[in-house]
Amino acid sequence: MQVSASVRDNFIHLVKGIFPNLTIEDPLYNVIALSSILVVSAVIYIIARLLVRPQIARWVYKSNNLWDNALQEHGFFRRLMHLFPALFIYLTTPVLISDEAVMHGMVIKSAQLYMLYSGLLALYAMLSTVEDVYNASALAKRAPITGFIQVTKLTFAIITILLSISLIVDRSPLILVSGLTAIAAVLLLIFRDTILGFVAGIQIAANRMFNTGDWISMPKYEVDGEILEIGLTNVKVQNWDKTISTLPTYSLTTEAVKNWRGMQESGGRRIKRAIYIDVHSIKLCDNNMLERFSKVRYINEYIDKKKNELRAYHRDYSIDESDLLNNRRLTNIGTFRAYLEAYLRKHPDINQELTLMVRQLPPNELGLPLEIYCFSAQKEWVKYEKVQADIFDHVMAMLDLFDLRAYQRDGHLSLLGSLDSGAYKRSAESDSTHLPESHSSANNAQASEEKRES
């Protein structure tokens, strides 16, 4: 109090030195006092900005900590500088300006609001710093906190607005909060997406459903890409065509979403593709075919094993191998399936610890589907597609070696047409060579008669 009185007396003495007839009750005095306060506060802000901030920045960049760099980048110290002039105005106004003056209350409230919103902005910078430091850690891959940070910012913003209103109307914030219950329905309607997003954010974080960087697919919204950000109300996804899709946060918990994180964290990416075999090319293997197949890499042991099994079966059941009706023989499709499985077992880019099989699906009008089901050890998109393409290049090229054909609608029809045409020609030639003698003589006689007339 003594310091305040001394400051006030010195200021009055200084003012009377310029305006001798000026009194404290004079409105001009209040104007001079307020102008002096504002000028000094502006000088304090300029000094803090030009001298204090650069020094703080040098200290920050010299340190090895990351959090203080993040504070500097988010403007925490810059926003903190505004508290010094606001605090000066708040402290000096009651000293230099009388309580009975009209502008006293206005200046005090303005200074309080200035400090309140400056502190809110500084707090926002701190929360953004916490988010950046957390996102740089390994924990960010398990549970994102962007939604919680936004909820915290929203909460402090609501508290700041309530305190501001209470300062302006000179009422307790509790009275304002109690009055909000009357418009709760309107608030629920206004903040519907915010509330749903907050609840969804808790579910996502608690159950570790999604993280930034996850590859998700949502056919309903034509979304297929990586999550860039999970916010309070919106989720940003960068699709593979580099477009950005924005979704409501609650849609991740209410809609069907495919998360590819399991594939990325597993040992391989699934290959599941079938080729259609022309059923007309499937046949039993004769000795020449088996001899040729036994020279194919990977299945020579398989051929020998199957030959021994068939010999044992024929011997046990007393079946002559020349008996085409009762004996057992290998098929080219079964041998080809065994070859493909052996080929995949030796492939360096196929994960051998996961499911691997070559299976037949139910035949349909397109032929017999022969499906390859395995997992590529290469999970990155471009490498995965290259491995898959190399495998099916080899599969298609090996079909002819096993006397098989892949079904192709136009090619199949043209093949059948050529076969039917050849069969017709052969039938016509056969019919002409087996005509009855009388019919042939009649034709010869008719030809001779036409020749004489000509």
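Structure first, text after, so check above.
This one's a predicted model, so the numbers in the text were calculated from it and none came from an experiment. (Residues numbered from 1 in each chain as written. Predicted model: local features only at pLDDT ≥ 70, side-chain atom pairs only at ≥ 80, totals over all residues. Heavy atoms only, no water.)

**Structural notes on a nonpolar patch on the surface**
Taken together, the side chains of Val39, Val43, Ile46, Ile47, Leu50, Leu51 and Val52 make up a nonpolar region of the molecular surface, amounting to roughly 630 Å² of accessible area. For Val39, the location among the structural elements is in helix H2 (residues 27–62). (Patch = residues over 30% accessible without salt bridge, like charges linked within 9 Å, V, L, I, M, F, W, Y side chains within 5 Å. Areas by Shrake-Rupley, 256 points an atom, 1.4 Å probe, with all protein chains shown as cover. Salt bridge = Lys/Arg side-chain N within 4 Å of Asp/Glu carboxyl O. Helix = DSSP H or I, 4+ residues; strand = E, 2+ residues; numbered from the N terminus.)

**Regarding the environment of Leu366**
Within the secondary structure layout, Leu366 lies in the loop between strand E7 (357–360) and strand E8 (368–376). Residue Leu366 is classed as partly exposed on the basis of its relative accessible area of 23%. Sequence separation between Leu366 and Arg409 is 43 residues, and the spatial gap between their C-alpha atoms is 7.7 Å. Contact partners of Leu366, with chain neighbours within four places excluded, come to Tyr276, Tyr407 and Arg409. (Buried < 20%, exposed > 50% of the residue type's maximum accessible area, 1.4 Å probe, protein only. Contact = heavy atoms within 4.5 Å.)

**Comments concerning helix H15 (residues 332–345)**
The terminal C-alpha atoms of H15, which comprises 14 residues, lie 20 Å apart, in line with the 20 Å expected from a rise of 1.5 Å per residue. When you tally the buried positions in H15, you get eleven out of 14 residues, the bulk of the element. Considered for burial, the residues of H15 that qualify are Asn332, Ile333, Gly334, Thr335, Phe336, Ala338, Tyr339, Leu340, Ala342, Tyr343 and Leu344. Along its buried surface, H15 packs onto strand E6 (269–277), helix H13 (287–293), helix H14 (300–316), E7, E8 and helix H16 (381–398). (Expected span 1.5 Å × (residues − 1).)

**What to know about the sheet that holds strand E1 (residues 215–218)**
Across the sheet, which stays open at both edges, the five strands sit in the order E4-E3-E2-E1-E5 with antiparallel pairing between neighbours. With partners counted over all chains shown, the strands left at the sheet margins are strand E4 (244–248) and strand E5 (258–259), one partner each. Bridge count for E1 against E5 is two bridges, and the pairing is antiparallel. Each residue of the ladder has a partner; that of Ile216, found in E5, is Asn259. (Pairing = 2+ DSSP bridges.)

**With respect to the pattern of salt bridges**
A full pass over the atoms with the stated rule returns eleven salt bridges. Between Arg261 and Asp214 there is a salt bridge, with its nearest N and O atoms 2.9 Å apart. One end of the pair, Arg261, is in helix H12 (residues 261–265); the other, Asp214, is in the loop between helix H10 (192–207) and E1, and 47 residues separate them in sequence. The class for Arg261 is buried, based on a relative accessible area of 16%. Here the residues in one salt-bridge network are Lys272, Arg359 and Glu371, joined through shared partners.

**Re the sheet that holds E6**
The sheet built from three strands is open, its strands ordered E6-E8-E7 with antiparallel pairing. Of all strands in the sheet, those with a lone pairing partner are E6 and E7, marking the two edges. Averaged over all pairs of adjacent strands, the angle between their axes in this sheet comes to 20°, without regard to strand direction. Bridge count between E6 and E8: nine bridges; the pairing is antiparallel. Paired with Tyr276 across the two strands is Pro369, which belongs to E8. Each of E6 and E8 is contacted by H16, which is oriented at about 25° to E6, the strand it contacts most. (Axes fitted to C-alpha atoms, helices over the stretch in contact; angles between N-to-C directions.)

**Describing the pairing of strand E2 (residues 223–230)**
As defined by bridge partners, E1 adjoins E2 across four bridges and the pair is classed as antiparallel. Residue pairing for E2: Met218 is matched across the bridge by Val223. Where E2 lies against strand E3 (residues 234–239), five bridges are found, and the strand directions are antiparallel. Within E3, the position partnered with Ile227 by the bridge is Val237.

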